[in-house]
Structures are given as structure tokens and as C-alpha cells.
Amino acid sequence: MGFLPCSNMPCHSHDQDSDQSRSRNLGSNSSSFNSSLSTQESLHSIPSLTPSTPQVEHPLPGYHRSLATLKGHSYMFSLALAEKHLYSGSSDGKICVWSRDLSSSALKNPSPDTVGEGCSAVKSILILGDKLFSAHQDHKIRVWKIDQITPHQKYKCIATLPTVNDRFRRLFSAKNYVQVRRHKISTWVRHVDTISALALSRDGSLLYSVSWDQTFKVWKTSNFDCLESVWNAHDDAINAIVLSNDAHVYTGSADKKIKVWKKNEGEKKHSLVATLEKHKSSVNALALTTDGSILYSGAAGGGSIIVWEKRGSDGCHMEAAGALKGHNKAILCLTIVSDLLCSGSADKTVRIWRRGIGTNHSCLAVFEGHKGPVKCLAAAIDSNHSRDSTIDSGTSYSVYSGSLDSDVKIWQIWVPPI
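This structure is a prediction, so every number in the text was calculated from the model and none was measured.

**Digging into the sheet that holds strand β6 (residues 94-99)**
- Ordered in space as β4-β5-β6-β7, the 4 strands form an open sheet in which the pairing is antiparallel. Strand pairing shows two members of the sheet lacking a second neighbour, β4 (76-82) and β7 (113-117), which therefore form its edges. Along the sheet, successive strands turn relative to each other by an average axial angle of 25°, direction set aside.
- Taken together, the 4 bridges between β6 and β7 define a ladder with antiparallel strand orientation. Note on β7: the bridge partner recorded for Cys96 is Thr114.

Dropping the structure here:
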């Protein structure tokens, strides 16, 4: 199987209707195509990041290919990479592990092992050492012990958050209760709606969770205690969370806002330090560069990705620098690997972007092949797969995309040096 030059492929996607009932906050607003960085019509105040030149009709030269399609059995909601394995979480509550070994024999019959099984959709997965954390639609976080010794065996669920001990300690004091609905109260350690995303602190000691109940919570990864709950963090469901290395927390919500939080030294709780307001629809996805200098956000309307740049040294001042435009339906997921941004959309495509000089970005590739909205992504620098013999420099990446068509597709892209 050879590489396909990206420059020979049209940089567009088919405008087909998606099944919006499959996932909350799947927008379907279409917009005119432009693969360069530009301003979308609904974001007048955001300047263009590219000179006023004719529309770019093709991505920049690059090479990519589809390596394999992993056949699932239910809508794919989450993906995570851990060394030689790919983990997937689906709408039927199953957590599967796939081998990342794409030898000829593995390609002929790629099949997963089901290592975890629950009664509720798996919305997010994180790996920390020998533990797997999964967030579910039934308002719970489950912790699984990864068994690397015995193959083809299900992992043991060693905790469900909040734990029984954590809940019991909060039962007998009125100050531990909050009103969650008009005539219903609950202890503050419990999520009361779908847990939509998870994130880990830099040192792995803290787990953050966000929920459609408009809260985010902080948990210790050592004993699974809930340390903090920020109630009414947003005015609507929270869909995404990312953390910076300097402990800033970014949350994206259906209330169209991105909020920035920080717990200062000596304080017990996170405080709101900034609110980013440029989106005109539900914020579905966030991604942050390793150095925390650029935040990307994708929303339900228009198909554009807003690029936020850090201003000043305090980390909380982010300004909208421009919009990446190319998708024509809702942005559902974002992930960063090295200097590449990968975006998945309800338009059933994956786009690969790279930042150039200054704030300019280029669309390197468009992956087409899914039959449903692309709901989750994972990516890594690829040191194993061989590349075309005519290519003597650059970097190869593996990109994994999970869709509501129940498939996971594996892609390889070679990126030339800048």
C-alpha cells in the first residue's frame, strides 16, 4: 500500500446529512469552504490570520494513507493511546483494547479484546500507569486495573467514583448537600448528569471531570477521594476540559463560553480568572499546546476552529487570533500531537493542520472515509511504520479516528519539515 500525495486530493468533504440524534450538541450548520486560516461569517471580530490571497483549493503537499479500519459494534465515543495499545469506549458501555501492531497478519483480521463492560456509554478514557479511568453517561467514573500479564482477560474494576466511603462521609452534614434540581438535593461529590470529559494534572496526582450537570470536580488519583466540586461552573452542559502545565483549567460549554480557572497557592478552591466569548454555538472540543501558548476550540456551528493565543505571563489572558476554516459542520473533537492539530467533525472528515510562521496555519490533509460523524481522535508520532522510499526526511504520524459509524480508522501521514 503506497502513500497518497495529499496535493492530488480535493480538500473538501461531501455535504451529506448526519444523524444528529446520535450525539448531544452535533451541529449541522454549513459554511463555504476555505482551507486557509480565515474568519467565519459569524465571527466578525476575529481577524484573518492569512493575507488576502485567492482561496486555497488544495492542502499543502504531504503524503497520507489509510492503514486499517477497526470494526466496532457501537458508536465510538472515546479513544486513548497507551504504548502498544489503543483503547476505545463506545455507546454500549464496552471498553476495548486493540493492538497498534499493524503487521500484515494484524491488518487482515484486526480484532479487539473487551476489557471493561458497563451499562452506560463510555464518554472519555484516560490511562495513568496501570490504571484506566473511564467516564460514563450514568454519572459515574470507573477505575480499572490494567492487566498486562494475562492477555484476553477483562480488567478488574477497582473503584467507582465517588467511592462508597466518600459518599458515606458526606451523608450526615447538611453543608455537604447541594440542590441539583428544583425538588432534589445531592451530596456535592456526586455528578448528577453525563460525565463528558476527563483530564489529568501534569504530575498525574489529580483527575478532573466535567459533566452536563454544569460542574467540574477534582479527584485524587491515589485514593479516589473527591477534593473539590465547582458548582454551576457554566450555565449549560460542560463538554470539554484541558489543563495547562501551569495549572490553568479550561472548560468549554454548551453555553457558548470557555472559562479559565486557577487555584492559587494557599487556596482550597479554583477561582474563575477569565471567560472567553467568541463562539456563537455550543463549545464541543478544546485542545491546548504543550507550552500552553495556544488554545484551540471547536463548536457546533459553522465548522470553524478558533485559535486563541496567550497574552502576558499570567496564562489567563487568551485572545482570539483567528479561525481555522475548512469543515462545514460541527467540530466534535480536537487533539494535538507535536506541532499538528487534528480535528474531527460532523461532516465525517478529519483534517490535519500545522502551524507555520507566526500565527499562520496550513491544512495538510483531509481524511475521508467515515460514514458518520467523527466523534473522537488520538494521535502519536509514528516510529514503526515504513514510509515511501522516495521520502528521505520529515516525520510520520499515526492518527486514529472513531466515528458514529461504529468504526475506528487508522491513518498515517508524513509531514515534511518546515
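**Remarks on unusual backbone geometry**
- Residue Pro162 is reached from Leu161 by a cis peptide bond, and omega for that bond is 0°.
- Mapped onto the fold, Pro162 is located in the loop between β11 (156-161) and α2 (164-169).
- For Gln214, which is not glycine, the phi torsion reads 75° and is therefore positive.
- Here Gln214 shows up in the loop between β15 (206-211) and β16 (216-220).
- Overall, the relative accessible area of 23% leaves Gln214 in the partly exposed class.

**Description of the pattern of salt bridges**
- Summed over all chains, the structure comprises 13 salt bridges.
- For Glu309, the salt bridge identified is with Arg355, shortest N-O distance 2.9 Å. Taken together, the residues Glu309 in strand β24 (residues 304-310) and Arg355 in strand β28 (residues 349-355) connect sequence positions 46 residues apart.

**Observations regarding the UniProt feature "repeat: WD" (unreviewed entry) in the protein**
- Per the UniProt record, "repeat: WD" (unreviewed entry) is annotated on residues 188-229, 231-271 and 324-353.
- Each end of residues 324-353 is marked by a C-alpha atom, and these two atoms are 9 Å apart; helix forms 0% of the span and strand 67%.

**Side note on a nonpolar patch on the surface**
- A cluster of nonpolar side chains, namely Phe168, Leu171 and Phe172, defines an oily patch on the protein surface of about 360 Å² accessible area.
- Relative to the assigned elements, Phe168 resides in helix α2.

Cut-off values and rules
- Residues numbered from 1 in each chain as written.
- Predicted model: local features only at pLDDT ≥ 70, side-chain atom pairs only at ≥ 80, totals over all residues.
- Heavy atoms only, no water.
- Pairing = 2+ DSSP bridges.
- Helix = DSSP H or I, 4+ residues; strand = E, 2+ residues; numbered from the N terminus.
- Axes fitted to C-alpha atoms, helices over the stretch in contact; angles between N-to-C directions.
- Buried < 20%, exposed > 50% of the residue type's maximum accessible area, 1.4 Å probe, protein only.
- Salt bridge = Lys/Arg side-chain N within 4 Å of Asp/Glu carboxyl O.
- UniProt positions renumbered as here; feature names shortened; annotations may be inferred.
- Patch = residues over 30% accessible without salt bridge, like charges linked within 9 Å, V, L, I, M, F, W, Y side chains within 5 Å.
- Areas by Shrake-Rupley, 256 points an atom, 1.4 Å probe, with all protein chains shown as cover.

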